[in-house]
Amino acid sequence: MLGFLLWLLLLFLCWPIALLALLLYPLVWLILLPFRLLGIGVEAVFELLRAIVMLPARILGNSPGR
């Protein structure tokens, strides 16, 4: 909602830049998509490593959070 309000303010102050931003937003989103997917993959690898490290403690019954 805040982003939309900022865009409306930009539209009021300088409409050509606001329209250019509106047209370029999907292109920027597509360019940044691989980086988001890479971040999800790296996060998954770290969660897997954490699960492997914590496995002996879970087997012994000392689960974190109890």
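Details of the structure are given in the entry above.
Treat the numbers as computed from the prediction; the structure is a model and nothing was measured.

A. Structural context of the overall build of the chain. When you go through the chain residue by residue, the secondary structure sums to two helices and zero strands. For a compact globule of 66 residues, the expected C-alpha radius of gyration is about 11 Å, and the chain comes in at 22 Å, more than 25% above that figure. Looking at the chain as a whole, 2% of its 66 residues qualify as buried. A total of about 6100 Å² of accessible surface is found on the chain, and carbon and sulfur atoms cover 80% of it.

B. The arrangement of the packing of helix α1 (residues 2-13) against helix α2 (residues 15-60) in detail. Running from amino to carboxyl end, α1 crosses α2 at an angle of 140°, the nearest separation of the two axes being 6 Å. Considering their axes alone, α1 and α2 lie oblique with respect to each other. Contacts between α1 and α2 involve Trp7, Leu10, Leu11 and Leu13 from the first element and Trp15, Ile17, Ala18 and Leu22 from the second.

C. Expanded view of the environment of Leu6. With respect to the element layout, Leu6 can be found in helix α1. The spacing of Leu6 and Tyr25 is 19 residues in sequence and 14 Å in space, taken between C-alpha atoms.

D. Focus on a nonpolar patch on the surface. On the surface, a cluster of nonpolar side chains totalling about 660 Å² of accessible area is made up of Leu20, Leu24, Leu27, Val28, Ile31, Leu32 and Phe35. Mapping Leu27 onto the fold places it in helix α2. On the accessibility criterion, Leu27 (48% relative accessible area) is partly exposed.

E. Highlighting α2. Compared with an ideal rise of 1.5 Å per residue, which puts 46 residues at 68 Å, α2 spans 64 Å between its outermost C-alpha atoms and is within 8% of the ideal. At Met54, α2 shows its strongest bend, of approximately 45°, with the proline Pro56 following within four residues. With its phi angle positive at about 95°, Gly61 sits one or two positions after the end of α2.

Here is what the cut-offs are and how they apply
- All residue numbers here refer to positions counted from 1 along the written sequence of the relevant chain.
- Restriction of local features to residues with pLDDT of at least 70 applies here, the model being predicted, together with a cutoff of 80 or more for giving and counting side-chain atom pairs; totals for whole chains, interfaces and linings are based on all residues.
- To obtain the side-chain values, all non-hydrogen atoms of the structure were used and water was disregarded.
- Helix numbers and strand numbers start at the N terminus; a helix is a DSSP run of H or I with at least 4 residues, a strand a run of E with at least 2.
- For the radius of gyration, the atoms used are the C-alpha atoms, and the globule rule reads 2.2 Å times the number of residues raised to 0.38.
- Here's how the labels work: a residue is buried when its accessible area is under 20% of the maximum for its type, exposed when over 50%, partly exposed in between, all with a 1.4 Å probe on protein chains only.
- Areas reported here follow the Shrake-Rupley algorithm with a probe of radius 1.4 Å; residue values treat only the protein chains shown as occluding.
- The angle between two axes is taken between their N-to-C directions and runs from 0 to 180 degrees, where each axis is a line fitted to C-alpha atoms and a helix contributes only its stretch in contact.
- Here roughly perpendicular refers to angles of 65 to 115 degrees, roughly parallel to angles under 35, roughly antiparallel to angles over 145, and oblique to all remaining angles.
- The contact criterion used throughout is that any non-hydrogen atoms of two residues lie within 4.5 Å.
- Like charges within 9 Å and nonpolar side chains (Val, Leu, Ile, Met, Phe, Trp, Tyr) within 5 Å are joined into patches, using only residues over 30% in relative accessible area that form no salt bridge.
- We define a salt bridge as a side-chain nitrogen of Lys or Arg found within 4 Å of a carboxyl oxygen belonging to Asp or Glu.
- Multiplying one less than the number of residues by 1.5 Å gives the expected span of a helix.
- Throughout, bend refers to the angle between the axes fitted to the seven residues that end at a position and the seven residues that start at it.

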